[in-house]
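Each chain, written out:
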Amino acid sequence: MDFDQLKPYEIKNELQFVEIEHGFVYAEINNAWAHATISTYSGQVLSYRPKNQKDDLLFVSDRAYYEDGKAIKGGIPVCWPWFGADPDGQGRPAHGFVRNRQWQVSGSESLADGSTRIIMSLVDTDETRAIWPHAFRLDIEITVGDSLKVALVTHNKDDQSITISQALHTYFQVGDISKVKVLGLDNTEYLDKVGEPTRRTQSGAVTIEREVDRIYTGVTGELVIEDEALARKVRITSRGCSTAVVWNPWIEIAASMADLDDDAYRKMICVETANAGPETVDIPAGNEYRLEAEYSIDSQYA
């Protein structure tokens, strides 16, 4: 990536671009509130740590791939324009095609409250139209402050309506998965995708004692990851969706993944802001749609 093109988006003592050993370019944000690392490849937040916290919000696999054409396992990957398997059964990659492409920085600003915002964009090309035959611009707006805010904005540049599913596939770091609870989903229906897909209803908090892969529907209000081992609560507020995905691969699946340590499942949980399962989004020609998530950390466990 051309650093001369990135220079106008740097903010002195606040946002700079660095090239890492893998050849990828990162935006490093360090302001009064927090430190964050964002990859321009994949448009992906990889790290967010408020200044008053010792532990990162996000999990990134020690064995993650940093190669063109491959997804980075961890942080906040973007699933778009479909979530999960190819909805048309054409053999296209799971979770769409934007999490393994280079995004372009299209904006940055220092906000009055001391937060920092960076915007990255992806537009259709001959290659993407061969995979998904539509004209679009996809923006990701990342605001680093006392909370982390991420907005995924789909602009339909086509002359017809488009239908998408999508997710912010967020990997949260946890201290010990056996001491984690996800609150806010009690009495919520979900599709259990482990084994034969089955409809169930959540009773009480979500705990992880085996492989979990669930699409919760009709979700309203805040979700909370209660993490006893790290003595914190992570609060998740979502907008533009009524779906949440909870995933942990557990032992067998983790062991089958070349880009994940066998025991990494103990230190992570995915709680995803999504339009997935039965919830899809229709966007008329010329219109846009926003999917938003905000993450904040309470350091006192109670």
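Residues numbered from 1 in each chain as written. Predicted model: local features only at pLDDT ≥ 70, side-chain atom pairs only at ≥ 80, totals over all residues. Heavy atoms only, no water.

This brings us to the overall build of the chain. A count of helical and extended segments in the chain gives three helices and 22 strands. For 302 residues, the compact-globule estimate of 2.2 N^0.38 gives 19 Å, and the chain sits close to it at 19 Å. Here the C-alpha coordinates of the chain stretch approximately 50 × 45 × 35 Å along the principal axes. Residue burial in the chain is summarised as follows: out of 302 residues, 54% are buried. Working note: accessible area of the chain is about 13,200 Å², and carbon and sulfur atoms make up 43% of it. Across the chain, the mean location of the 30 positive side-chain charges is 3 Å away from that of the 48 negative side-chain charges. (Helix = DSSP H or I, 4+ residues; strand = E, 2+ residues; numbered from the N terminus. Rg over C-alpha atoms; globule rule 2.2 N^0.38 Å. Buried < 20%, exposed > 50% of the residue type's maximum accessible area, 1.4 Å probe, protein only. Areas by Shrake-Rupley, 256 points an atom, 1.4 Å probe, with all protein chains shown as cover. Lys, Arg positive; Asp, Glu negative; His and termini not counted. Charge placed at Lys NZ, Arg CZ, Asp CG, Glu CD.)

Moving on, we get to the pairing of strand E4 (residues 44-50). Burial analysis of E4 places six of its seven residues in the buried class, the great majority of the element. As paired strands, strand E3 (residues 34-39) and E4 are joined by six bridges and run antiparallel to one another. Across the sheet, residue Ser39 finds its bridge partner in E4, namely Gln44. Hairpin connection from E3 to E4: four residues lie between these consecutive antiparallel strands, with Ser42 at a positive phi of about 85 degrees. (Pairing = 2+ DSSP bridges.)

For the rest of this paragraph, the subject is the nonpolar core. Among the nonpolar cores identified, the biggest contains 75 residues, and Trp80, Leu148, Ile269 and Tyr295 are the most heavily contacted of them. For this core, the element with the most residues is strand E8 (residues 136-144), which contributes five residues. When near neighbours in sequence (up to four residues on either side) are disregarded, Trp80 contacts His95, Gly96, Phe97, Val98, Trp132, Phe136, Leu138, Leu152, Thr154, Ile164, Ser165 and Gln166. Among the nonpolar cores identified, the runner-up in size contains eight residues, and Ile20, Tyr41, Tyr66 and Ile72 belong to it. (Core = buried A, V, L, I, M, F, W, Y, C linked by side-chain atoms within 4.5 Å. Contact = heavy atoms within 4.5 Å.)

Scanning the entire structure with this criterion turns up zero disulfides. Left unpaired, Cys79 is separated from the closest cysteine sulfur, that of Cys270, by 9.3 Å. Under the relative-accessibility criterion, Cys79 is labelled buried at 0%. (Disulfide = S-S within 2.5 Å.)

Empty space within the largest pocket amounts to approximately 360 Å³. Taken together, 20 residues make up the lining of the largest pocket; nearest its centre are His95, Arg99, His169, Tyr171 and Trp247. Looking at the lining of the largest pocket, the elements that each hand over two or more residues are strand E16 (212-217) and strand E19 (243-248). Class assignment of the residues belonging to the lining of the largest pocket gives a composition of 11 nonpolar, three polar and six charged. Trp82, Phe83, Ala85, Pro87 and Ser165 are the residues nearest the centre of the second largest pocket, which is lined by 22 residues in total. Split into classes, the residues belonging to the lining of the second largest pocket amount to 12 nonpolar, seven polar and three charged. (1 Å grid on protein atoms, 1.4 Å probe; cavity = no way out; pocket = protein on both sides within 12 Å on 5 of 7 lines; lining within 4 Å. Points joined across faces, edges and corners; volume = space filled by probe spheres on them. Nonpolar A, V, L, I, M, F, W, Y, C, P; charged D, E, K, R; others polar.)

Now for the sheet that holds E3. Across the sheet, four strands lie side by side as E1-E2-E3-E4; this open sheet has antiparallel pairing. With partners counted over all chains shown, the strands left at the sheet margins are strand E1 (15-19) and E4, one partner each. Strand-to-strand twist across the sheet, computed as the mean angle between neighbouring axes with direction ignored, equals 20 degrees. (Axes fitted to C-alpha atoms, helices over the stretch in contact; angles between N-to-C directions.)

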